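Residues per chain, in single letters:
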Amino acid sequence: VCTISPKAIVSDACASYSTLDGLNRDLRPSLQDITQKTDFFSYYRLNLFGKECPFWDDSNGMCGNIACAVSTLDDEADIPAIWRAEELGKLEGPKAGHPGKKQQEERGPEKPLQGMLGEDVGESCVVDYDDECDERDYCVPEDESATAKGDYVSLVDNPERFTGYAGESAKQVWDAIYRENCFSKTSFPKSASLGASHYGDLGPAANELKSVLDERRKHQALEESQNMWEVTQTGLEPEDECLEKRVFYRIISGMHTSISTHICWEYLNQTSGEWGPNFQCYKDRLHKYPDRVSNLYFNYALVLRAVTKLGPYLRDYTFCSGDPLQDRITKAKVQSLTSYAGAVPQIFDESLMFVNGEGPSLKEDFRNRFRNVSRIMDCVGCDKCRLWGKLQTAGYGAAMKVLFEYENNAVEVPMLKRTELVALFNTLARISDSLNAIHEFRLMVEATETEE
Ligand code: FAD
């Protein structure tokens, strides 16, 4: 396998589809095992219903289909004891306080975590308190503390698949996501690019200025969205963009491809009532667009690289589910996956990012734009789609944090929250399933071509 530089198109010339397919064939069973058979990775806590769309009124965009619904775990008895509110409350005591940023810096890499957290508390048993962004975060984190608004969801019981969510609401969300890709010199202020007020209380003159600026911004947004619309219509990524902008585009397009693949692979035949692959859906949405598929493979390389890079740090991690035996088994499964993948030559080269040309100056913008993508997920009008949309943006966000915020071979340990780890591994598992589905669909294409 040769390295995929962020700029490369995954093609048969370099890290070929078949090479990545081969790697995926080896890794997929253990990824499925981790994400579907361990408590740690199969439950996700998130604020699915409590956040309003921060950018527009989405009250008419709600999907009423039963397939859009998510069953949350309302009965605490259904979740591992360690995560119940009462237990979380205990963990939030002084003994188990999460080290603050300053303490983490002072601690340095070699000091054991236990001393910081109390004798018997592994770090991952400690609750992360806030949903405020750390400056290294690429998305708005999910808060898992006892007081936070949020629900536990079994990811196994709520699979990502066809829901019937479509039309104006879905289109508006995708448009807004692609609009974040439009880096420009006159970009919107950070973390509020889509109309949220960022002026505070202003005097009359300033208010007048604000309305002029708002008007100008609306024009820009429209122009940008039209440009982007052409780009997405033709399925092409912006040609003359610098590396970092291309990577941004590829990540969201690859995520979109993965979502479409799951829709086509687990489609509801509304006549028979059965779930199964929809070949026509694949032909219409994916087969015709090799660049979209290429972006999916690109994401596979990127997220797998992040998981591999994280592997050595996870050796000291307690996968806390309240059952020490299960925790050890989970750790063994994770170690086996990351060490296998780690033995493969590096398949994505993150060291090329944010180093040349305008790259270094783009990093903050890149991060803020991806955070906005994660906020846009609160505008998705279908609960199931919102669940997986939020999880996957959190997963890509965690991958980028690991890749772009920590030097290779850095002694510093990436501090990921439990929700980030769960999102990261499940996002990889989703892409892995998509690669498998695309491979199967390709075989169907070959079979029909042979028949003809
Ligand atoms: P869409 O998929 O809506 O695409 C809109 C336009 O974007 C296309 O016309 C095309 O020009 C462009 N485009 C499409 N794919 C790509 C790509 N890979 N790269 C670049 N440009 C592209 N529906 C479900 O049934 N189940 C789900 O789990 C689900 N999850 C969703 C999650 C999110 C975050 C969102 C926004 C929507 C989700 N949907 C889901 C809806 C689904 O994604 C589609 O919007 C819907 O099926 C309508 O599809 P469409 O063919 O109109 O094109």
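Basis of the calculations
Every chain's residues receive numbers from 1 upward, in the order its sequence appears when written. pLDDT decides what is reported in this predicted model: residues at 70 or higher carry local features, side-chain atom pairs at 80 or more are listed and counted, and totals for whole chains, interfaces and linings draw on all residues regardless. UniProt positions are given in the numbering used here, feature names are shortened, and annotations may be inferred rather than shown by experiment. Here the contact rule is simple: place C-beta atoms from the backbone, and any two residues whose C-beta atoms are within 7 Å are in contact. Secondary structure elements are taken from DSSP: a helix is a run of H or I of four residues or more, a strand is a run of E of two residues or more, and numbering for both begins at the N terminus. Burial is judged by counting the other C-beta atoms within 10 Å of a residue's own C-beta: 20 or more makes it buried, 12 or fewer makes it exposed, and any count in between marks it as partly exposed, with every C-beta position built from the backbone. We count a residue as near a molecule or strand when its backbone-placed C-beta atom lies within 6 Å of that partner. Under the scheme applied here, ten amino acids are nonpolar (Ala, Val, Leu, Ile, Met, Phe, Trp, Tyr, Cys and Pro), four are charged (Asp, Glu, Lys and Arg), and all others, including Gly, are polar. To define axes, lines are fitted to C-alpha atoms, for helices over the stretch in contact only, and angles between the resulting N-to-C directions are given on a 0 to 180 degree scale. For classification, angles of less than 35 degrees are called roughly parallel, those exceeding 145 degrees roughly antiparallel, those between 65 and 115 degrees roughly perpendicular, and all remaining angles oblique. Less than a right angle of anticlockwise turn of the near helix away from the far helix marks a crossing as left-handed, whereas a clockwise turn marks it as right-handed.

(A) Quick look at the UniProt feature "binding site: FAD" (unreviewed entry) in the protein chain. The positions that UniProt labels "binding site: FAD" (unreviewed entry) are, in the present scheme, Arg-161, Thr-163, Trp-174, Ser-253, His-256 and Arg-285. Dropping the residues within four chain positions of it, Arg-161 is found in contact with His-262, Ile-263 and Glu-266. Structurally, Trp-174 is set in helix H6 (residues 168-179). For Trp-174, a count of 16 C-beta atoms within 10 Å corresponds to the partly exposed category.

(B) Inspection of the site of the ligand at higher detail. Every one of the 25 residues lining the ligand counts as a neighbour, but Ala-170, Ser-253, Arg-292, Cys-385 and Gly-389 are closest to it. Contributing elements (two or more residues each) for the shell around the ligand: H6, helix H7 (204-234), helix H8 (243-265) and helix H13 (383-405). Per-element tally for the shell around the ligand: the top contributor is H8, with six residues. Per-class residue counts for the shell around the ligand are 11 nonpolar, nine polar and five charged.

(C) Broad picture of unusual backbone geometry. Within the chain, Phe-354 stands out as a residue other than glycine whose phi angle is a positive 60 degrees. Take Phe-354: it is sitting in the loop between helix H11 (324-343) and helix H12 (359-376). Judged by C-beta crowding, with 19 C-beta atoms within 10 Å, Phe-354 ranks as partly exposed.

(D) Quick look at the packing of helix H1 (residues 17-37) against H11. Where H1 meets H11, the axes come as close as 10 Å, and the angle between the chain directions of the two elements is 155 degrees. With respect to their mutual orientation, H1 and H11 come out roughly antiparallel. Handedness of the H1/H11 crossing: left-handed. Where H1 abuts H11, its residues Asp-26, Leu-27, Ser-30, Leu-31, Asp-33 and Ile-34 lie against Lys-333, Val-334, Ser-336, Leu-337, Tyr-340 and Ala-341. Class assignment for the residues of the contact of H1 with H11 results in seven nonpolar, two polar and three charged.

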